[in-house]
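The lines below spell out each chain.
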Amino acid sequence: MTIRRRLALSHFAILLLLAFNLVIYYSSDLKRKSTFEELRRAISRQILISSIQQKLNDYQKQVSLLSQITADLSNSGASPEEVTQFSEHLNDIGGQITQMSSLSDAGGKDKIEAFRKAFGELSASWQVFYENFGRNQSRAITEVVTRGEPLGRKVMQELLPQLQQDERNRIEAASTHFYDTARITDRLTLLIFVISGCLAGPLALFVSRHFTRGLDALRAGAAALGAGKLKYRIPVLSHDEFGDLALSFNEMAERLDTARRELTGVNAELEHRQHELKMLMQAAQTANQAKSRFLANMSHELRTPMNAIIGYSEILAEEAEDLRQEALIPDLRKINSAGKHLLTLISDLLDLSKIEAGKMDLDLETFDIREIVKDVSVTMQPQIDKNFNKLLVDIPPRMGTMRADATKVRQMLFNLLSNASKFTRSGTVRLQVRRNDVQGKDWIEFSVRDSGIGMTPEQAEKIFDAFTQADPSTTRKYGGTGLGLTITRKFCHMMGGDIRVESALGEGAVFTISLPAEVIPEQELTGPAEPLALPPVASHRG
Ligand SMILES: Nc1ncnc2c1ncn2[C@@H]1O[C@H](COP(=O)(O)OP(=O)(O)OP(=O)(O)O)[C@@H](O)[C@H]1O
Ligand SMILES: [Mg+2]
């Protein structure tokens, strides 16, 4: 049976007992009221009888007295008003008898009617006496003697005492009835109360025991689950809501157990993968270090022949000019240009590997900013001209000095200016230099703005990654390896600064480098670095 049905039944039983109690209460109340009414009416009748008896006594005495007194008097009868008053008094008694009859039940009515009849005759006789008294004395006396006195005796000594005795009996019976009823209803109420108690007690005990058992089982289950015993199952004690709850709980525990098993498996797998990943990372790091070491060691081996190729191709071109062998000059220039390009490429690759190997160091010196900017712009001019661009340099006359790695600053400016001139045709490249005070510290800002092809925000996001260009077609169209900005940003970070870009497709780009005017050596920030294996390499490209 469900809990809801159990509770509904208990509720119904309690309501039934309550209704039974109410019925008993109302019926006994009614009974009590009716017996009380019976008693009240009997008492009222008895009062009326006493009053009637008193009055009749008085009138009888009065009549017999008058009948004796008036024997000596003649012609002194009652006045018409006195006769009327007398008959009114008798009528009052008649009214009281009617009242008594109305208060009486069917059983008592006969005797009252007999009494009323006798009283009617007596009152008529008394009236005859009163009317003739003092006037027709003999008629009056005759009336009293022949009718009045016998009737008076009958009424006063026979009928009235009989009525009184009846009423006394009735009062006694009514009061007995009243007490009997009260006693019975009291007992009934007590009985119902005891029955209610006997029923409600076990009912409450039964319901609460059922609840406690169900809840205890659930609590034990929850505690076991909380303690991590996922194998624990709650016993299903009944087919009600507790039973359903226990089943759901067991299902949940089952699912949790399965999930835990799966999770343990996944965890083990994850740990295995993590271990594999760690091994792979270690291998990759070792390989990367080996690559960086190789490239750093190969720097000299690669650059010496490249420098020889560049130098000898220049000498050969000059000699060909002197010997007027013009036909050879273009090829020699191509060898020279290809050699320079290769040298730049090698330098970039070596720079990156040195940075990644942690072998790139800062060579801090104090230098005049205007001088460096002038130097860079002069060197860059041929590249600017190549694409029919115009270079504008905006630098305050009192720019002053800064303490940083001059070679790297120069290289960063070359990178930005070479990009600007490469991606702009017949436009303007503007190099602006400013000194800013940020939170009490001096910063130098170099910004290179061009009116070239520009980039979308998505392209601008990835251009600082190594070997990454804004568009796959860039290499085909403009050349390059995608290392310039990577190296520039790394240099910026090394000197405690940063680089940012603002650009829109087709609307040019602005690259801004921010560097502290006083670069703090890295050792002071992070501790001693490894000694340099190679000198820093400057590069510029087109
Ligand atoms: N001023 C610019 N205008 C438009 N795009 C630019 C500009 N500067 C850089 N980029 C985009 O950023 C990419 C990365 O530039 P980065 O200098 O690193 O490489 P690169 O110039 O292609 O090759 P490298 O500099 O190594 O010769 C470029 O390929 C280009 O797509
Ligand atoms: Mg570049």
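Residues numbered from 1 in each chain as written. Chains lettered and ligands numbered in written order. Predicted model: local features only at pLDDT ≥ 70, side-chain atom pairs only at ≥ 80, totals over all residues. Heavy atoms only, no water.

A. Spatial organisation of the overall build of the protein chain. Of regular secondary structure, the protein chain possesses twelve helices and seven strands. At 68 Å, the protein chain has a C-alpha radius of gyration far larger than the 24 Å of a compact globule built from 542 residues. Each of the three principal axes of the protein chain carries a C-alpha extent, and together these read 205 × 60 × 45 Å. Here the protein chain holds 542 residues, and 37% of them are scored as buried. Roughly 32,200 Å² of accessible area belongs to the protein chain as shown, and the carbon and sulfur atoms make up 58% of that amount. Positive and negative side-chain charges in the protein chain, numbering 66 and 68 respectively, have mean positions lying 4 Å apart. (Helix = DSSP H or I, 4+ residues; strand = E, 2+ residues; numbered from the N terminus. Rg over C-alpha atoms; globule rule 2.2 N^0.38 Å. Buried < 20%, exposed > 50% of the residue type's maximum accessible area, 1.4 Å probe, protein only. Areas by Shrake-Rupley, 256 points an atom, 1.4 Å probe, with all protein chains shown as cover. Lys, Arg positive; Asp, Glu negative; His and termini not counted. Charge placed at Lys NZ, Arg CZ, Asp CG, Glu CD.)

B. Local environment of the packing of helix H8 (residues 406-422) against helix H11 (residues 484-494). Packing of H8 against H11 brings their axes to within 10 Å, and their N-to-C directions diverge by 145 degrees. Handedness of the crossing formed by H8 with H11: left-handed. Taking contact as the criterion, the partners of Lys408, Gln411, Met412, Asn415, Leu416 and Asn419 in H8 are, on H11, Gly484, Leu485, Ile487, Thr488, Phe491 and Cys492. (Axes fitted to C-alpha atoms, helices over the stretch in contact; angles between N-to-C directions. Left-handed = near helix turned anticlockwise from the far one by under 90°. Contact = heavy atoms within 4.5 Å.)

C. Just the packing of aromatic side chains, in detail. Overall, the coordinates contain eight aromatic pairs when judged by the stated rule. For the pair Phe211 and Phe242, a centre-to-centre distance of 5.7 Å together with 80 degrees between the ring planes defines the contact as edge-to-face. Remark: Phe242 occurs in helix H5 (residues 241-322) and Phe211 occurs in helix H4 (residues 137-226); sequence separation between them is 31 residues. Arranged with centres 6.5 Å apart and planes meeting at 70 degrees, the rings of Phe464 and Phe511 form a pair that is edge-to-face. On the criterion of sequence distance, the pair formed by Phe464 in the loop between helix H9 (457-462) and helix H10 (473-478) and Phe511 in strand E7 (residues 509-516) is long-range, its members being 47 residues apart. Judged by relative accessible area, which is 9%, Phe464 ranks as buried. (Phe/Tyr/Trp six-rings, centres within 6.5 Å; stacked < 30°, edge-to-face > 60°.)

D. Focus on the confidence of the model for the protein chain. Summing up the model confidence of the protein chain, the mean pLDDT is 86 and the portion of residues at 70 or higher is 94%. Contacts for the low-pLDDT stretch residues 527-542, under 50 throughout, to residues beyond four places or in other chains number 41 contacts. (pLDDT = per-residue confidence, 0-100.)

E. Structural view of the layout of surface pockets. Quantified by volume, the largest pocket comes out at close to 610 Å³. Forming the walls of the largest pocket are 37 residues, and the residues nearest its centre are Asn419, Lys422, Phe423, Ala470 and Thr474. Elements that contribute at least two residues to the lining of the largest pocket include exactly helix H6 (329-356), H8, strand E5 (441-450), H10, H11 and E7. By residue number, the principal contributor to the lining of the largest pocket is H8, which donates six residues. (1 Å grid on protein atoms, 1.4 Å probe; cavity = no way out; pocket = protein on both sides within 12 Å on 5 of 7 lines; lining within 4 Å. Points joined across faces, edges and corners; volume = space filled by probe spheres on them.)

F. Focus on a nonpolar patch on the surface. A cluster of nonpolar side chains, Ile184, Leu188, Leu191, Ile195 and Leu199, forms an exposed patch at the surface whose accessible area comes to about 430 Å². Examined against the element boundaries, Leu191 turns out to sit in helix H4. For Leu191, a relative accessible area of 47% puts it in the partly exposed group. (Patch = residues over 30% accessible without salt bridge, like charges linked within 9 Å, V, L, I, M, F, W, Y side chains within 5 Å. Salt bridge = Lys/Arg side-chain N within 4 Å of Asp/Glu carboxyl O.)

G. Broad picture of the pattern of salt bridges. Enumeration according to the criterion identifies 25 salt bridges in this entry. With a shortest N-O distance of 3.0 Å, Arg435 and Asp442 are connected by a salt bridge. Residue classification places Arg435 among the partly exposed residues on the basis of a relative accessible area of 32%. Exposure remark for Asp442: the relative accessible area of 37% places this residue in the partly exposed category.

H. Just unusual backbone geometry, in detail. Even without being glycine, Ser426 reaches a positive phi, approximately 50 degrees. The residue Ser426 is located in the loop between H8 and strand E4 (428-438) in this model. Given a relative accessible area of 54%, Ser426 falls into the exposed group. The backbone phi angle of Gln439 is positive, close to 50 degrees, even though this residue is not glycine. The exposure class of Gln439 is exposed, given its relative accessible area of 81%.

I. Summary view of empty space enclosed by the protein. Under the counting rule described, the total for this entry stands at one cavity of 30 Å³ or more. Approximately 30 Å³ is the volume attributed to the largest cavity. Residue lining of the largest cavity: Ser104, Gly108, Lys111, Ile112, Leu163, Asp166, Glu167 and Arg170, and that is the complete set. Breaking the lining of the largest cavity down by element, the ones donating at least two residues are helix H3 (106-132) and H4.

J. Molecular detail of H6. Across its 28 residues, H6 extends 40 Å between first and last C-alpha, which sits within 8% of the 40 Å expected from 1.5 Å per residue. Phi for Gly358, located one or two positions after H6, is positive at around 75 degrees. (Expected span 1.5 Å × (residues − 1).)

K. Region of the structure containing the nonpolar core. Ile369, Val409, Val433, Phe446, Phe511 and Leu515 are the most contacted members of the largest nonpolar core, which has 49 residues in total. The leading source of residues in this core is H8, at eight residues. Excluding anything up to four places from it in sequence, Phe511 contacts Leu416, Phe446, Ser447, Val448, Met455, Ile463, Phe464, Leu485, Ile499, Arg500 and Val501. Counting 32 residues, the second largest nonpolar core, distinct from the first, contains Phe86, Ile93, Ile112 and Leu160. (Core = buried A, V, L, I, M, F, W, Y, C linked by side-chain atoms within 4.5 Å.)

L. Looking closely at the packing of helix H2 (residues 80-103) against H3. Contact geometry of H2 with H3 gives a least axis separation of 10 Å together with a crossing angle of 180 degrees. Relative to H3, the element H2 lies roughly antiparallel. Contacts from Glu82, Val83, Phe86, Ser87, Leu90, Ile93, Gly94, Ile97, Thr98, Met100 and Ser101 in H2 reach Lys109, Ile112, Glu113, Phe115, Arg116, Phe119, Ser123, Trp126, Gln127, Tyr130 and Glu131 in H3. By residue class, the composition of the contact of H2 with H3 is eleven nonpolar, six polar and five charged. (Parallel < 35°, antiparallel > 145°, perpendicular 65-115°, else oblique. Nonpolar A, V, L, I, M, F, W, Y, C, P; charged D, E, K, R; others polar.)

M. Spotlight on the sheet that holds strand E2 (residues 390-394). Taken together, five strands build an open sheet; the order of strands is E2-E4-E5-E7-E6 and the sheet is mixed. Strand pairing shows two members of the sheet lacking a second neighbour, E2 and strand E6 (498-503), which therefore form its edges. Each adjacent strand pair in this sheet contributes to an overall mean axis angle of 15 degrees, direction not counted. Examined bridge by bridge, E4 and E5 share ten bridges and lie antiparallel to one another. In the strand pairing of E5, Leu431 is matched with Val448. Against the sheet, helix H7 (residues 369-386) engages E2, E4 and E5, with an angle of about 175 degrees to E2. Contacts from H11 reach E6 and E7, with the element oriented near 135 degrees to E6. (Pairing = 2+ DSSP bridges.)

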